[in-house]
Amino acid sequence: MAKLELSGIKKSFGTTEVLKGIDLTVEDGEFVAFVGPSGCGKSTLLRLICGLDEITAGQMAIDGQIVNDVPPAKRGIAMVFQSYALYPHMTVADNMGYALRLAGTSKQEIKARVDTAAKVLRINNYLDRKPRQLSGGQRQRVAIGRAIVREPRIFLFDEPLSNLDASLRVEMRIEIARMKDRLGTTMVYVTHDQIEAMTLADKIVVLNAGRVEQVGSPLDLYNKPQNRFVAGFIGSPKMNFLTLGAATGESRFAVPGGEIRIPAGLSSAPAEIGIRPEHLELVDLGQQHTLTGTVSMTEHLGSDTYAYVSLSSSEEMLVVRLSGERAVKRNQTIGIAFDPEMIHVFSADGQTIASARPVALEAA
Amino acid sequence: MLDLSSTTAKIVFGLTLALIGFFLFFPVYWMITSSLKADAELYKIIPTAFPQEITLHHYWTALTQGRLPTYLLNSLITSGSSAALNSLLALYAAYSFAKYDYFGRQPIMLLMLSAQMFPFGLLLISIYPLWTQFGLLDTQIGLILSYIVFALPVATYMLFSYFSQVPDELIDAARADGASDLRIFHTIVIPISIPPIVTVFLYSFMWSWNDLLYSMTLIVSDDKRTIGPGLLLTYLSDSNSDWGGAMAASLVASAPIVVAFMFLQRYFIQGVTAGAVK
């Protein structure tokens, strides 16, 4: 187990700066997930932690010891790669024991550690097989086993489940969750799958364009996003955003399909509001509602129904999450109601205005 | 459109293949049958398609009375050594081109490949005085080095293409496991690259085994001669008329290449990297 500290980490490839100063602390035994859009630098950051690429600027420390110039194997880190990266000419046992052999561990010790890890991962019957004789899920277990036998201080995972089919992914996700509880080792996990990040991580780091947008627990990020990017990135389907029109009397703002009041006295001027699909409700026009729109499409997923509502006098569309049983007719004009407490208000530069307390107004 | 499963198509394809096969294999067939015919039958005005009487006399004479065994051994030494050295050098050069980024990598590679654009004979003109200067003329080492000059660029390029496709993650995984760069190359990359290495070895071996121009020019002593010039000078002179012997010797000379192919061809089709990465 180990504490990982990154301060001012920068990485450039030629003239392109991929990481623009990352400050982050991963506590001992913590499971941290890096999420962000493609090209945000999450995999690059993981490679820097592993020692596969050199840090351009900044400092990295493991348990207080600066490791900028320490080679990968000496950092006490093991990495599980997206493509498994198993050595195709070696058996499963040889794959798992390769790092230990390089470290000069005795044969008995290697065998014992490989056997233990193989039993835990239920691959003990395949130890003599070559990777090509294994299924995708088994290969991923071998890749994880190869990391476990090294008994590292920190585990790194680079989108380890993205090559598996949906059902196997769920199974392996549970496997990793169990592993996390059993080993209690510090883990850093890169993923583009929000469900993996939300379910596995103690802490999520949202990266965008080489910068950390927000660090927090999964629910913190969901409930209290610090900016529009995080608000839009965390949550599926993503948060609905509505641009605020010019303020009229009593801080009333026109939004497509209705009007909303955001009391004055804020740190910066509100420019946009956001509300999650699950916090919206479809109501008959006779009932109290704030926005009006027309149902243009519905998606029935069994457990949920997503209604896409075009707002009156606008091309903007809201996604509303409803229960699976709820039937909504297409082209039906309908009212949208919501709890104003659930609204996030953003300034023009995309920052959350935390003190904003909007009031939902009744549609005329 | 032509229906590929129709009888007409089958007949057309069959006939085309038969014609190609005839042109390809008839010389080989003629070589085999002629080597097995007795002298009297060989010189008939109307040649026979099948030997009326099979004799191994020409093989016996070629192997015992001429210098064929010496030529064969010389060829084996020069071709084997040049192929081995060539493959070894190409391995390291290709890997460095494929997986490392350093100053001058691109120009060096282009320079190396440009050597292929010169006609073989032209380079011989510059190699000859150079080898004379270094005392490499009429030596097997000189011949081996001259073969490397030619085969190395192509061999390097062949391996470069393969190494470029070796997944970087595989190399990263080995680095994370604690292997040094050379160790990764020796214990991970080379073992999964056996098929292209065998291909390169065979290519280099065939190149030097089939060479006539260089060995004829750079080797003067009869006891150092390789199989190509050896056969040519023994059997294709104005006074010679031992066609049976020439055919038998040619077959014996071709045997190592054919045998090598028979044993090593499985490597060409074997997908060793299957299962490495998804």
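Definitions and cut-offs
Residues numbered from 1 in each chain as written. Chains lettered and ligands numbered in written order. Predicted model: local features only at pLDDT ≥ 70, side-chain atom pairs only at ≥ 80, totals over all residues. Heavy atoms only, no water. Helix = DSSP H or I, 4+ residues; strand = E, 2+ residues; numbered from the N terminus. Contact = heavy atoms within 4.5 Å. Areas by Shrake-Rupley, 256 points an atom, 1.4 Å probe, with all protein chains shown as cover. Lys, Arg positive; Asp, Glu negative; His and termini not counted. Charge placed at Lys NZ, Arg CZ, Asp CG, Glu CD. Buried < 20%, exposed > 50% of the residue type's maximum accessible area, 1.4 Å probe, protein only. Pairing = 2+ DSSP bridges. Domains from an automatic or database assignment. Buried area = accessible area lost by both parts, 1.4 Å probe. Salt bridge = Lys/Arg side-chain N within 4 Å of Asp/Glu carboxyl O. Polar contact = N/O pair within 3.5 Å; in protein donor to acceptor, adjacent residues only side chain to side chain. Axes fitted to C-alpha atoms, helices over the stretch in contact; angles between N-to-C directions. 1 Å grid on protein atoms, 1.4 Å probe; cavity = no way out; pocket = protein on both sides within 12 Å on 5 of 7 lines; lining within 4 Å. Points joined across faces, edges and corners; volume = space filled by probe spheres on them. Nonpolar A, V, L, I, M, F, W, Y, C, P; charged D, E, K, R; others polar. Bend = angle between axes of the 7 residues up to and from the residue. Phe/Tyr/Trp six-rings, centres within 6.5 Å; stacked < 30°, edge-to-face > 60°.

Things to note about the overall build of chain A
Move 1: Along its length, chain A carries 8 helices and 22 strands.
Move 2: Each principal axis of the C-alpha distribution contributes one length, and for chain A these read about 80 × 45 × 35 Å.
Move 3: Long-range pairs, those at least 24 residues apart, make up 65% of the contacts in chain A between residues at least 6 apart in sequence.
Move 4: Here chain A has roughly 15,900 Å² of accessible surface; of this, 47% comes from carbon and sulfur atoms.
Move 5: The averaged location of the 41 negative side-chain charges in chain A is 8 Å from the averaged location of its 40 positive side-chain charges.

Section: the pairing of strand β15 (residues 270-275) of chain A
Residues and elements named next belong to chain A.
Move 1: The buried count for β15 comes to 5 of 6 residues, which makes it a mostly enclosed element.
Move 2: The sheet contact formed by strand β11 (residues 240-243) and β15 spans 4 bridges and is antiparallel. From the neighbouring strand, Thr243 faces β15, where its bridge partner is Glu272.
Move 3: In the sheet, β15 pairs with strand β21 (residues 344-347) via 4 bridges, with the strands oriented antiparallel. The residue bridging Gly274 from the neighbouring strand is His344, located in β21.

A few points about the domain arrangement of chain B
Residues and elements named next belong to chain B.
Move 1: Here the domain parsing of chain B yields domain 1 (7-55) and domain 2 (62-269).
Move 2: Of the roughly 600 Å² buried where domain 1 meets domain 2, counting both sides, 77% is carbon and sulfur surface.
Move 3: Three residues stand out in domain 1 for area buried against domain 2, namely Met31, Ser35 and Tyr43, and they jointly supply 68% of the buried area on that side.
Move 4: Our enumeration of links across domain 1 and domain 2 arrives at 0 salt bridges.
Move 5: Applying the counting rule to domain 1 against domain 2 returns 0 residue pairs in polar contact (both at pLDDT 80 or more).

Some details on the sheet that holds β21(A)
All names here are of chain A.
Move 1: Read across the open sheet, the 3 strands follow the order β11-β15-β21; overall the sheet is antiparallel. Across the chains shown, the open sheet's two edge strands, defined by having one partner strand only, are β11 and β21. Adjacent strand axes in the sheet meet at a mean angle of 30°, parallel and antiparallel pairs treated alike.

Some details on the side chain of Arg150(A)
Move 1: When you line up the elements, Arg150(A) lands in the loop between α4 (136-148) and β7 (154-158).
Move 2: In contact with Arg150(A), not counting residues within four places along its chain, are Ala73(A), Ile77(A), Ala78(A), Ala99(A), Leu100(A), Arg113(A), Ala176(B) and Asp177(B).

Quick word on empty space enclosed by the protein
Left-over empty space is what a probe sized like a water molecule reveals as it rolls over the atoms.
Move 1: Summed over the entire model, instances satisfying the criterion amount to 3 cavities of 30 Å³ or more.
Move 2: Here the largest cavity defines a volume of roughly 60 Å³.
Move 3: Taken together, Ala78(A), Met79(A), Phe81(A), Ala143(A), Arg146(A), Ala147(A), Arg150(A), Ala173(B), Ala176(B) and Asp177(B) make up the full set of residues lining the largest cavity.
Move 4: Looking at the lining of the largest cavity, the elements that each hand over two or more residues are β6 (77-80) and α4 of chain A together with α8 (168-176) of chain B.
Move 5: Of the residues forming the lining of the largest cavity, the biggest block, 3 residues, is contributed by α4(A).
Move 6: A breakdown of the residues in the lining of the largest cavity according to their chemical character gives 7 nonpolar, no polar and 3 charged.

Focus on the interface of chain A and chain B
Move 1: The interface is formed by 27 residues belonging to chain A together with 22 residues belonging to chain B.
Move 2: Across the interface of chain A and chain B, roughly 2,100 Å² is buried in total on both sides, 57% from carbon and sulfur atoms.
Move 3: Contact with chain B buries surface across chain A, with Pro88(A), His89(A) and Leu102(A) losing the most and accounting together for 24% of the total.
Move 4: Seen at the junction of chain A and chain B, the total is 2 salt bridges.
Move 5: For the salt bridge of Asp177(B) with Arg150(A), the shortest nitrogen-to-oxygen distance reads 3.5 Å.
Move 6: One can count 9 residue pairs in polar contact (both at pLDDT 80 or more) joining chain A with chain B.

Thoughts on helix α1 (residues 7-36) of chain B
Move 1: At Phe25(B), α1(B) shows its largest bend, some 40°, and a proline, Pro27(B), comes one to four positions later.
Move 2: Here α1(B) has its buried residues at Ala9(B), Gly21(B), Met31(B), Thr33(B), Ser34(B), Ser35(B) and Leu36(B).

A closer look at the domain arrangement of chain A
All names here are of chain A.
Move 1: If you check the domain split of chain A, you get domain 1 (4-226) and domain 2 (237-360).
Move 2: Just the C-alpha atoms count here: the centres of domain 1 and domain 2 sit 39 Å apart.
Move 3: Taken together, the contact between domain 1 and domain 2 spans 5 residues of the former and 6 residues of the latter.
Move 4: Carbon and sulfur atoms supply 38% of the area that domain 1 and domain 2 bury against each other, a total of about 460 Å² over both sides.

Quick look at the pattern of salt bridges
Move 1: Overall, the coordinates contain 20 salt bridges over all chains when judged by the stated rule.
Move 2: The salt bridge partner of Arg122(A) is Glu175(A), with a shortest N-O separation of 3.5 Å. Residue Arg122(A) is located in the loop between α3 (107-120) and α4, and its partner Glu175(A) is located in helix α5 (residues 166-183); the two are separated by 53 residues in the primary sequence.
Move 3: Here Asp222(B) and Arg67(B) are joined by a salt bridge, their closest N and O atoms 3.0 Å apart. Remark: Arg67(B) occurs in the loop between α3 (57-64) and α4 (68-99) and Asp222(B) occurs in the loop between α11 (213-218) and α12 (227-235); sequence separation between them is 155 residues.
Move 4: Arg67(B) sits in the partly exposed class, given a relative accessible area of 36%.
Move 5: Within this structure, Arg47(A), Asp53(A), Asp172(B) and Arg175(B) form a network of salt bridges that share partners.

Side note on the packing of aromatic side chains
Residues and elements named next belong to chain B.
Move 1: Applying the stated criterion across every chain yields a total of 23 aromatic pairs over all chains.
Move 2: With 6.0 Å between their ring centres and 35° between their planes, Tyr157 and Phe160 make a pair best called tilted. Remark: Phe160 and Tyr157 occur in helix α7 (residues 140-164); sequence separation between them is 3 residues, near one turn of the helix.
Move 3: Accessibility expressed as a relative area gives 41% for Tyr157, which makes it partly exposed.
Move 4: Accessibility expressed as a relative area gives 18% for Phe160, which makes it buried.
Move 5: Between the aromatic rings of Phe205 and Trp209, the centroid separation amounts to 5.5 Å while the plane-to-plane angle is 20°, which identifies the pairing as stacked. Of this pair, Phe205 and Trp209 both sit in helix α10 (residues 194-209), 4 residues apart, which is roughly one turn of the helix.

What to know about the sheet that holds strand β9 (residues 203-208) of chain A
Residue and element names in this part refer to chain A.
Move 1: Pairing in this open sheet of 6 strands is mixed, and the strands run β6-β7-β8-β3-β9-β10 from one edge to the other. Looking along the sheet, the strands with just one partner apiece sit at the ends: β6 and β10 (211-216). For this sheet the average axis-to-axis angle between neighbouring strands, irrespective of direction, equals 20°.
Move 2: When strand β3 (residues 31-35) meets strand β8 (residues 186-190), the two strands line up parallel, connected through 4 bridges. Its bridge partner lying in β8, Val32 is registered against Val188.
Move 3: Along the sheet, α4 contacts β6 and β7; its crossing angle with β6, the most-contacted strand, is approximately 175°.

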